[in-house]
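Results of the structural survey
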Amino acid sequence: MIYFGFTIGPVVATIEQARKTRELWAASFVFSYFMKHLLEQLQGFGAILAPNDTSLKNAKPQYGAGIWPDRCFLEISDPKKAEALQKQLPQLVENALEAINAKLGGGQMTQLKSYFRCYACSFDDANDTFTPGTDAEKKLKETRLYRLNKMNDDLEYIQKFQAVNRFNLLEKLDNNITAFYDEAYGEEDEVLRTWHHGKKAQKRVRSLLEIAIQEFSKTDLYYNEVVLKIEQAIIQYQKTRGKEEQIAEDAVYLKLKNDLGEALKSRHRYIAIVHADGDNIGNTIASLQNDAGKTRAFSAELMSFSEQAVRKIYQYGATPVYAGGDDLLFIAPMQNDEQMTIYDLLKSLHDLFAQQPVFQSNKASLSFGLSISYYKHPLAEALSTSRNLLFGKAKELEIDGKKRKDALAINLLTHSGHQFETTLWQDGDSYPLWLELFKPSEKLEEAFIAGLMHKTDTLALWLWDACNRGTLDAFFKAHFNEAIHTEKGRFLDKIKDLTRAIFVDYALHASANNEEKRLLGQMLHAMLRLVQFQNAPDHD
């Protein structure tokens with residue numbers, strides 16, 4: 001058997017040029033579209049191991065998300081076909097680019113050929129001279145898909161050192177974006193804002209402000225004062241390339257604040273950008289043991305997960321951008337019109353991933369990078385922050401000297417420029433206890449939570465000592481004994497349970513010095529700060 005791996009690009013470099021949601025969506029979707037057309041041609045040469053290609057011909061739109069990843073793997077039994085593929089690959093790439101060129105209105109092939117990249121690697125099982133010297137290299141030798149994936153890692157690494165052609169792909173996509181909508185969206189997809197009380201609007205991807213205030217999306221006010229006015233500004237912007245959108249959004253928000261009053265919260269000016277990626281996928285691939293049937297079943301489960309995940313993201317009211325196997329990218333409001341928070345959505349996606357049979361048997365998990373930023377903050381920076389949180393924080397989480405992964409890394413950047421970060425382990429008891437604090441069962445005043453955070457800071461060492469000695473109940477009675485604390489007794493009981501769980505989950509009993517002991521208070525402070533932000537009124 002002869003095995004091929006392909007990777008396309010430059011995906012990340014293109015996405016991080018996006019300034020608007022429609023540019024981000026188009027930048028991502030065009031690569032999925034590119035891969036789809038490559039896969040359709042590769043099917044004639046052999047068996048596609050990944051991604052799952054059974055629905056390639058009749059793939060249904062997935063609420064706008066690009067579902068075809070930037071990598072694919074092929075198994076070919078006939079050496080003549082493998083040789084033919086090597087010779088014909090440049091033409092296959094050109095054919096796929098012709099499909100993009102047609103969507104862009106033609107005349108762009110020279111620029112597209114210099115911008116898009118497709119790298120290929122291969123090895124022949126029958127004539128494989130690779131001799132492993134380490135345990136890691138033995139895994140490469142023993143598992144073909146794992147080896148191809150690592151070879152693609154190397155090819156992707158090479159891309160980082162190659163300059164991206166200055167062809168302005170995003171502008172071309174923005175000018176011709178409607179040509180891709182039929183490929184990406186079904187007629188019923190509300191994400192395009194094509195409906196409201198029987199009225200029709202121009203098909204388009206929602207702006208950041210529209211996403212941020214999705215909580216009010218079923219009201220006439222949202223349609224009349226947000227959708228129509230932003231839509232008119234976009235039409236004008238596409239003619240002049242001026243500041244029409246920015247001016248319109250500022251006016252829209254002031255109008256909403258005037259009409260909604262206290263119902264408009266601080267969170268309604270912020271958007272959540274989420275990157276997600278599976279943990280321990282390499283071990284899962286290794287467990288397939290070169291079994292073609294298991295490999296295809298694995299690919300089918302990945303495709304099933306991505307389709308189910310996109311449906312959950314869409315139903316929440318978020319804008320799906322990409323869902324290729326275990327990789328997700330989407331933009332979401334902090335809370336939707338059913339009082340479900342972004343953290344509830346992430347929990348449901350995490351649980352969905354864990355329910356896939358192949359991941360259950362290999363202890364795979366899903367980690368997240370969550371960037372929370374003002375809707376006028378540069379989109380490219382927020383995207384980069386989210387991605388760096390995922391790969392630099394969440395997937396590198398260590399507890400008691402052991403790498404845990406399975407984490408949610410969060411960065412909150414406020415309008416005033418203040419920010420903080422925290423990384424939460426999703427597999428411990430503290431995580432679901434923290435999620436309980438977002439339930440709308442109690443009215444939580446901003447000042448009350450601020451007072452709790454202040455005490456966790458000033459009493460951090462005593463808090464750790466109380467947990468270590470098993471005297472946390474006495475600690476809370478001594479330090480939370482005012483009338484407001486009696487009134488909020490049920491909520492304080494939840495904080496107490498959360499504190500104990502943090503102490504256990506993060507192995508804080510092993511703290512060797514005061515700096516490490518303060519971590520308990522810092523973790524509790526961060527969790528409370530996020531609860532406070534979710535409920536805070538709009539002060540500006």
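The model shown is predicted, which means the values in this text are computed figures rather than measured ones.

1. Concerning the pairing of strand 12 (residues 419-425)
In the sheet, strand 11 (residues 407-413) pairs with strand 12 via seven bridges, with the strands oriented antiparallel. Across the sheet, residue Leu408 finds its bridge partner in strand 12, namely Leu424. Once strand 11 ends, the chain turns through five residues before running back antiparallel as strand 12, passing Gly417 with a positive phi of about 100 degrees.

2. Description of the environment of Arg267
Mapped onto the elements of the fold, Arg267 is located in the loop between helix 11 (244-260) and strand 5 (270-279). Arg267 gets classed as buried once you look at its relative accessible area, which sits at 7%. When the C-alpha atoms of Arg267 and Ala212 are compared, they prove to be 7.7 Å apart, with 55 residues separating the residues in sequence. If near-sequence neighbours (up to four positions away) are discounted, Arg267 is found in contact with Ala212, Glu215, Met334, Gln335, Phe533, Gln534 and Asn535. Among the polar contacts made by the side chain of Arg267, one reaches the side chain of Glu215 at a distance of 3.0 Å.

3. Some remarks on the sheet that holds strand 7 (residues 327-333)
Read across the open sheet, the six strands follow the order 6-7-5-8-11-12; overall the sheet is mixed. Edge positions in the open sheet fall to strand 6 (319-324) and strand 12, since each of these has one partner strand only. Neighbour-to-neighbour, the strand axes of this sheet turn through a mean angle of 15 degrees, independent of strand direction. Here six bridges tie strand 8 (residues 365-374) to strand 11, and the two strands are oriented parallel to one another. By the bridge assignment for strand 11, Ser371 is matched with Asn411. Its contacts with the sheet put helix 14 (residues 342-355) on strand 5, strand 7, strand 8 and strand 11, and the angle it makes with strand 8 is roughly 160 degrees.

4. With respect to helix 18 (residues 446-458)
Taking 1.5 Å of rise per residue, the 13 residues of helix 18 would be expected to cover 18 Å, and the 19 Å separating its terminal C-alpha atoms lies within 8% of that figure. The set of residues buried in helix 18 consists of Phe448, Ile449, Leu452, Met453 and Thr456. In an axial view of helix 18, the angular spread of the buried residues amounts to 140 degrees, which keeps them on one side of the axis. Turned more than 90 degrees away from the buried face of helix 18, the exposed residues are Ala447 and His454. Buried residues along helix 18 sit in contact with helix 19 (460-469), helix 21 (483-487), helix 22 (489-505) and helix 23 (514-535).

Reading the values: rules and limits
- Residues numbered from 1 in each chain as written.
- Predicted model: local features only at pLDDT ≥ 70, side-chain atom pairs only at ≥ 80, totals over all residues.
- Heavy atoms only, no water.
- Pairing = 2+ DSSP bridges.
- Helix = DSSP H or I, 4+ residues; strand = E, 2+ residues; numbered from the N terminus.
- Buried < 20%, exposed > 50% of the residue type's maximum accessible area, 1.4 Å probe, protein only.
- Contact = heavy atoms within 4.5 Å.
- Polar contact = N/O pair within 3.5 Å; in protein donor to acceptor, adjacent residues only side chain to side chain.
- Axes fitted to C-alpha atoms, helices over the stretch in contact; angles between N-to-C directions.
- Expected span 1.5 Å × (residues − 1).
- Arc of directions from axis to C-beta.

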